[in-house]
Structure formats: C-alpha cells, structure tokens
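Structure at a glance
The primary structure of each chain is shown beneath.
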Amino acid sequence: QVQLVESGGGLVQAGGSLRLSCAASGRTFSSYAMGWFRQAPGKEREFVGSISTSGGVIYYAGSVRGRFTISRDNAKNTVYLQMDTLKPEDTAVYYCAAANQAILPYLLSTATTSYDYWGQGTQVTVSS
C-alpha cells in the first residue's frame, strides 16, 4: 500500500511559476513509476507527465512540454512537478499517481487505469 500527498498548489498570475510536490509513504517508492494528471471542473482527468523509477524515462503531454518539468528524489520518497510560464488553461486540480511498474510505455503512462495509487489532489489556479 502506498499513500501519496500532494502539496504546493495555489493562486498565481499568468506567466508565473509553481512547484508541486508529492510525498509518498512506504519503503517501495523507488519501485513505482509515477505520473502527474490534472482535472478541471467539468472535464475528464488528463495526463500531464510521467517518470520511471530511476528518472531515466520521462514523458510529457504536448500541452505542457517545454513549460513543465518532472523529477523525483527516491531518497526523499518525493516526485516533483515544476510548472513555469503558467497559463489560465493550466487551472485544475493536480494529482500524482503511482504505478507498480518500473517503466511504462508512453501510451500506458497516459492512461489513468495504469496507476494503482492516487493522491488527494492540490488546486492550481492561474489568473489572467
């Protein structure tokens, strides 16, 4: 069992930056590939990015590529999402998720069904 807790959300102006953290419990964190997803009101949950156990394989959605950066620190049981040049359309609840796989192929990494554990989410609001 893995428990995930996101933090770092808040209200920022367009063009600003925010760094989200996802802290994981348990001693098997380094065995899980991790993903970031987001969900706006009335919208389906969408893929943001993913990272393999060692950080060697990283994928991003086209809408955030070049602006967002995923990283992980296995010694701290934490995965991060650095968000730069934020846009109003980035406004959503952001979730981290853990998959019981070392590496997920791209297509599987974008699917919510590939993940076994989810955090509670943290709100990100970008004003225009």
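Scroll up for the structure.
Residues numbered from 1 in each chain as written. Predicted model: local features only at pLDDT ≥ 70, side-chain atom pairs only at ≥ 80, totals over all residues. Heavy atoms only, no water.

When its secondary structure is counted, the protein shows 1 helix and 11 strands. Counting from the amino terminus, the protein carries its helices and strands in the arrangement β-β-β-β-β-β-β-β-β-α-β-β. Whereas a compact globule of 128 residues would reach a radius of gyration of roughly 14 Å, the protein reaches 13 Å, a difference of no more than 12%. Based on the C-alpha atoms only, the size of the protein along its principal axes is roughly 40 × 25 × 25 Å. Looking at the protein as a whole, 44% of its 128 residues are labelled buried. Contacts in the protein between residues far apart in sequence, at least 24 positions, make up 60% of those at least 6 positions apart. Entry remark: accessible area of the protein is about 6,300 Å², with carbon and sulfur atoms responsible for 49%. Side-chain charges of the protein comprise 10 positive and 8 negative groups, with the mean position of each set lying 4 Å from the other. (Helix = DSSP H or I, 4+ residues; strand = E, 2+ residues; numbered from the N terminus. Rg over C-alpha atoms; globule rule 2.2 N^0.38 Å. Buried < 20%, exposed > 50% of the residue type's maximum accessible area, 1.4 Å probe, protein only. Contact = heavy atoms within 4.5 Å. Areas by Shrake-Rupley, 256 points an atom, 1.4 Å probe, with all protein chains shown as cover. Lys, Arg positive; Asp, Glu negative; His and termini not counted. Charge placed at Lys NZ, Arg CZ, Asp CG, Glu CD.)

For the rest of this paragraph, the subject is the state of the cysteines. The final tally for this structure, using the stated rule, is 1 disulfide. For Cys22, the disulfide goes to Cys96, at an S-S distance of 1.9 Å. Disulfide Cys22-Cys96: the torsion about the S-S bond is 55°, which places it as right-handed. Of this pair, Cys22 sits in strand β3 (residues 18–24) while Cys96 sits in strand β9 (residues 92–99), and the two are 74 residues apart along the sequence. (Disulfide = S-S within 2.5 Å.)

Turning to the nonpolar core, a few remarks are in order. In this structure, Leu4, Met34, Trp36, Leu81, Met83 and Tyr94 are the most contacted members of the largest nonpolar core, which totals 36 residues. Secondary-structure elements contributing two or more residues to this core are β3, β4 (33–39), β5 (46–51), β7 (68–73), β8 (78–83), β9 and β11 (122–127). A per-element tally of this core places β9 first, with 6 residues. Residues contacting Met83, with those up to four places away along its chain left out, are Gly16, Ser17, Leu18, Leu20, Arg67, Phe68, Tyr94 and Val124. (Core = buried A, V, L, I, M, F, W, Y, C linked by side-chain atoms within 4.5 Å.)

Moving on to the sheet that holds β7. Strand pairing in a sheet is mediated by backbone hydrogen bonds. Such pairs are either parallel or antiparallel. The strand order across the open sheet formed by 4 strands is β1-β3-β8-β7, and the pairing between neighbours is antiparallel. One side of each edge strand has no neighbouring strand; the edge strands of this open sheet are β1 (4–7) and β7. Looking at each pair of strands side by side, their axes are set apart by 15° on average, direction ignored. By the bridge criterion, 4 bridges tie β1 to β3 in an arrangement that is antiparallel. The residue bridging Glu6 from the neighbouring strand is Cys22, located in β3. (Pairing = 2+ DSSP bridges. Axes fitted to C-alpha atoms, helices over the stretch in contact; angles between N-to-C directions.)

Turning our eyes to something else, we now look at unusual backbone geometry. Of note, the phi angle at Asn77 is positive, near 55°, even though the residue is not glycine. Checked against the element boundaries, Asn77 lands in the loop between β7 and β8.

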